[in-house]
Every structure is written in structure tokens, then in C-alpha cells.
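Observations on the model geometry
Here is how the chains run, residue by residue.
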Amino acid sequence: MLIGSVSLLSACASVPNIPPPRMVPLEQPIRMLTLEQAMSHERALQAKHVEVPSLLAALPEKLYTQPINKSEPCKLPTSKDQLERKNFRAFWDGDCKNGYAYGMGRDIAISDTHHVEEITIHNGNGNSFGHPSVVVDFVNNTAGYRVSQSDYSSAGLFEVAQSNVANFNVIYQVGETSAKKKAFAFASPFSPVRNRVLEEQGVRWMSQETAAGYPFDNPSQLESGLMVQDPTNNQPVLALERYAGGAIVQRVFDNGVQEAVRLPAEYLSHMHEKFAEIDRTINKALAAHGRAQQLEREYLHMACSGKHVIKGLDSATATQICNWRDKFAEAYAQAQAKYDQHLATQRAKQEAQAQRNHQLQQERAHQFNEMAAAHAAQQAQAQLEYQQTMRDLEETNRQLQQTTNRIIESNARFGSSMQPSTYDWQQPNRQYQAPKPDWTKRTYTPSYGPAALTDKRWENGVLWCIYSNGRVHQAGGTMCPQQMFFQGQ
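Residues numbered from 1 in each chain as written. Predicted model: local features only at pLDDT ≥ 70, side-chain atom pairs only at ≥ 80, totals over all residues. Heavy atoms only, no water.

**Some thoughts on the packing of aromatic side chains**
Applying the stated rule across the entire model yields eight aromatic pairs. For the ring pair phenylalanine 184 and phenylalanine 186, a centre distance of 6.0 Å and an interplane angle of 35° mean the geometry is tilted. Residues phenylalanine 184 and phenylalanine 186 agree in their burial class; the two are buried. For the ring pair phenylalanine 190 and tyrosine 332, a centre distance of 5.0 Å and an interplane angle of 65° mean the geometry is edge-to-face. One end of the pair, phenylalanine 190, is in the loop between strand E12 (181-187) and strand E13 (193-200); the other, tyrosine 332, is in helix H8 (residues 329-414), and 142 residues separate them in sequence. (Phe/Tyr/Trp six-rings, centres within 6.5 Å; stacked < 30°, edge-to-face > 60°. Buried < 20%, exposed > 50% of the residue type's maximum accessible area, 1.4 Å probe, protein only. Helix = DSSP H or I, 4+ residues; strand = E, 2+ residues; numbered from the N terminus.)

What follows is the structure in C-alpha cells.
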């Protein structure tokens, strides 16, 4: 068993950080990339990539060790690192064939500094290719469930338990790695974030997605993102991100300088196909994980029955595989409670933010209603002022008409020597006709003697004076005498 068999997970457990968006000024137009421009970033990474097969040719030959609990030749795969460890020793509780380990069993590698075990099925030729295996590293708290096709190709699920004084975490990685490609997803039960990664031909495609329904309390928090990276330095070259508030940002990176752009639809389809390839790989890895779990159940049923003995190995060490996860039970429960509290806090923040938004909307609605009411009052006042202005204008027009009539009357008197006084100058064929008094309210009986002025009106361009005795008198100008004395008819 190679000691580095689960090293991939620890190397990929940390996610490269996505730089925060630094948008261009609004007045600067967003550039639309062509498909060729977008693909050029990937081609630049591929151009400097060194093919892995050329490196594999220089790898050292396979190394083996003899398990100390076997008297007959029974080679087990090992590594130079293991052989150099102090007090290194190996155990195999399966069968041996043709000088190699054979059939189902457990490979136990122990030294003063490490303890790794693998449940697998050996082919009897120095490898277990094509068979499921379960690898547990008791020092680094890692476990892997996989099916390997070669020394450089395996698919399955790996888990890492990370523990320190203040925190405990478990990271699960499921996927496939080979000499030319790595494709996997990893997540934690104590985090809402799930990542997917594909590395191929010197290019890394990576996604970061937050679980549906996660209670974001800030619209600027990253909800999901797709990114193209340089795997040699984790630097991004292209990114497509969506934020909790709904904003979508597309960016390119050039020597640390980022620019907001619009990626063509063809390139977005290309990116999504890469992540669809990861999902297909994950399904394959989950099938391998299922096979490894079945092997584990069958082996533990035998090894943990209380009757299984490995020569030269004490019982506590021999049965550690049976309950090694139990030591994390309390830390796991505390981490779960801590994460549940985090979710509760986030939901409270989200609800508080929603209440603030609702209150702000109500305040804005109130302000709008006040503004609308003020506007309506202004409109009503303006309407009243308009109506008053029209009345004033009508009164002014009436007074102007009266003035015009008086001017006409004066002109008519001035020209009386030129034409008969009984004719109107605007209507020369019509004689002045005295208006009848208003008989609707009271009846006048024409009489003689003095009479007081009761009414007056303009008619036919002449001012007529009406007196209390019902007599009508044509004024000589623009005023009526207050009293008149009438004699006879």
C-alpha cells in the first residue's frame, strides 16, 4: 500500500479564494467578448502545460515489503517513504499466491510516525487494480473509498476529519483522478458551500455553489460562481458570478487586472459542458464508493466479530478499524450544533434584514403617499387659483366691454351733429328702443312728479335710467341722475 494514496484530498481540501468583484465605472461600456477572445485564455494555459505522461516515465519502480505475520513470500505494495520510517512493519491478514498478497484482506502499515490500513482485494500480481478498497490513515484522520484502475487512476470518495482545539470539520471529496485529468466535487456537512473542480491540459475549471435556501443576509454575498484558473498558481483568468442580491458579474483577469465583460453564449455553453463532465464523473465515483462500502461491510463483519486475530498485532490495534470514527462523535455533535446555531443566526439576520427592508418600503410608500397628497393639494390649489383667475378675467372682460360701450356712446354723441340721434352708429337702420322696466319683482305704475333712481342698464349702446315711478329716461352721458321730476307723458 502506498502511503500517498489519500494525499489528493488533503491537497485539494482548500478552495482557491475568488477575488471580490471590482467593477468598472458605470460610464465605461462593458466589452462583449467573441468566442475566440474567451477561448484564448484557456489556450494560453494549455500552451504552457507540461504533459503528465512524460513525467510518469521517470517515476521509480514499484516497491514491496514482506508482512511480518506471514512466513511464506507475500509481497505487499509499499513506498520509499514507508520503508525509511523508523520501526516500519507491515501486516496482511489475507492469503498469499505466487509470492504476492492475494484475495480479500487488510494491509496494515505501522511505524513510529504513521499508521495506515487498507481493506482491499489483491490480484496476486502485486496490485489490486479493478477492485474496491478502503484506506484509513489514523494519524491524519483520512479515509478513502475507491476503485483504482492503475497507480495513477482511481475513482471514489475521500474524507478528511480536521480537528483542533476550537474547531472540528469533515470534508468529503468525490470524483476521479488520473494521469491526465482530475474531476471531483467536495463539500462539508458544516458548510453550505459545494465546490466542483476539473483539471485537464493545464486548465482548471472550478465552481462554487451555495446550498439552496441558505439564509443570506447581505446581497453582496457570493451565491454561485464559475471560474477558469491557472492550476499552477490558483490565479483566475475568467469568472462568472452570481450574488445573493441577483447581480451577475462576468470578468476577465490579465496580470492581476480585472475587467467586467460579457461572455458570449457559445463560451458559456462550453463552461457548462465542462461542469456537466464533472457531474458524470461524480456519478461514476459514487458507484465506486458504493462498491468500496460493500467490501468494508463484508470485511468488518469478519474482522470485528471478536474472533479475528492477526499474528504479531495486539487486539486494540487489530480492531481499531472497527470503531475508529467513534472518537470523533462528540466533536462531530458539537460541530453540528455550532453549524445549526450559525444557520439560526443567519436566518435571524435575514429576517431582521427583511423587516428593515419592509420598514424601508413602508417609509418610502408613506413618503410617496405624502408627496402624492401634497402634489394633489398643490393641484387642487392650482385649480382654484386657475378658476379665480378665469373669474377675474371674465370680470375684467366685462368691465372692458362696459368701457368700450361708453367709448362708443361718447363717439356717438360726438357725431350726433352728423347723423340723427335716433339711430345707433353700429346699426344705422335701427332706432333706440327704451328697455322695459323689470316687472318680475314689483309692478311700477308710471306717474308724474319726483322719482328716485332704481335701476340702470346699457342697451343699444345707450345708458337708460329707470326710476321708482316706472319711467325710463335716456341718460345724456355715462351717469343717471339720482332723482328726476316728470311732467306729463
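**So, the state of the cysteines**
If you walk through the whole model with that rule in mind, you get three disulfides. The disulfide that involves cysteine 74 links it to cysteine 96, with 2.1 Å between the sulfurs. In this structure the cystine formed by cysteine 74 and cysteine 96 twists about its S-S bond by roughly -95°; its chirality is therefore left-handed. Taken together, the residues cysteine 74 in the loop between strand E2 (63-65) and strand E3 (76-78) and cysteine 96 in strand E5 (residues 95-97) connect sequence positions 22 residues apart. Disulfide partner of cysteine 304: cysteine 322, at an S-S distance of 1.8 Å. Its S-S torsion of approximately -100° makes the covalent link between cysteine 304 and cysteine 322 left-handed. Here cysteine 322 lies in helix H7 (residues 320-323) and cysteine 304 lies in the loop between helix H5 (265-303) and helix H6 (315-318), a separation of 18 residues in the sequence. By relative accessible area, cysteine 322 is classed as partly exposed at 29%. (Disulfide = S-S within 2.5 Å.)

**Details of the sheet that holds strand E22 (residues 483-486)**
The sheet built from four strands is open, its strands ordered E21-E20-E19-E22 with antiparallel pairing. Lying at the two open borders of the sheet, with one neighbouring strand each, are strand E21 (472-474) and E22. The sheet shows a mean angle of 45° between the axes of neighbouring strands, taken without regard to direction. Direction of pairing for strand E19 (residues 449-459) relative to strand E20 (residues 462-467): antiparallel, over a ladder of six bridges. (Pairing = 2+ DSSP bridges. Axes fitted to C-alpha atoms, helices over the stretch in contact; angles between N-to-C directions.)

**Focus on the side chain of threonine 317**
Among the secondary structure elements, threonine 317 is positioned in helix H6. Owing to a relative accessible area of 17%, threonine 317 belongs among the buried residues under this scheme. If sequence neighbours within four positions are ignored, threonine 317 has contacts with Arg106, Ile110, His115 and Glu117. (Contact = heavy atoms within 4.5 Å.)

**A look at helix H2 (residues 35-47)**
An ideal rise of 1.5 Å per residue puts 18 Å on 13 residues; H2 measures up with 18 Å between its terminal C-alpha atoms. Approximately 30° is the largest bend angle found in H2, and it occurs at histidine 41. Among the residues of H2, Ala38, Met39, Glu42 and Leu45 are the ones counted as buried. Summarising the contacts, the buried residues of H2 are in contact with strand E14 (203-210), strand E15 (222-230), strand E16 (235-243) and H5. (Expected span 1.5 Å × (residues − 1). Bend = angle between axes of the 7 residues up to and from the residue.)

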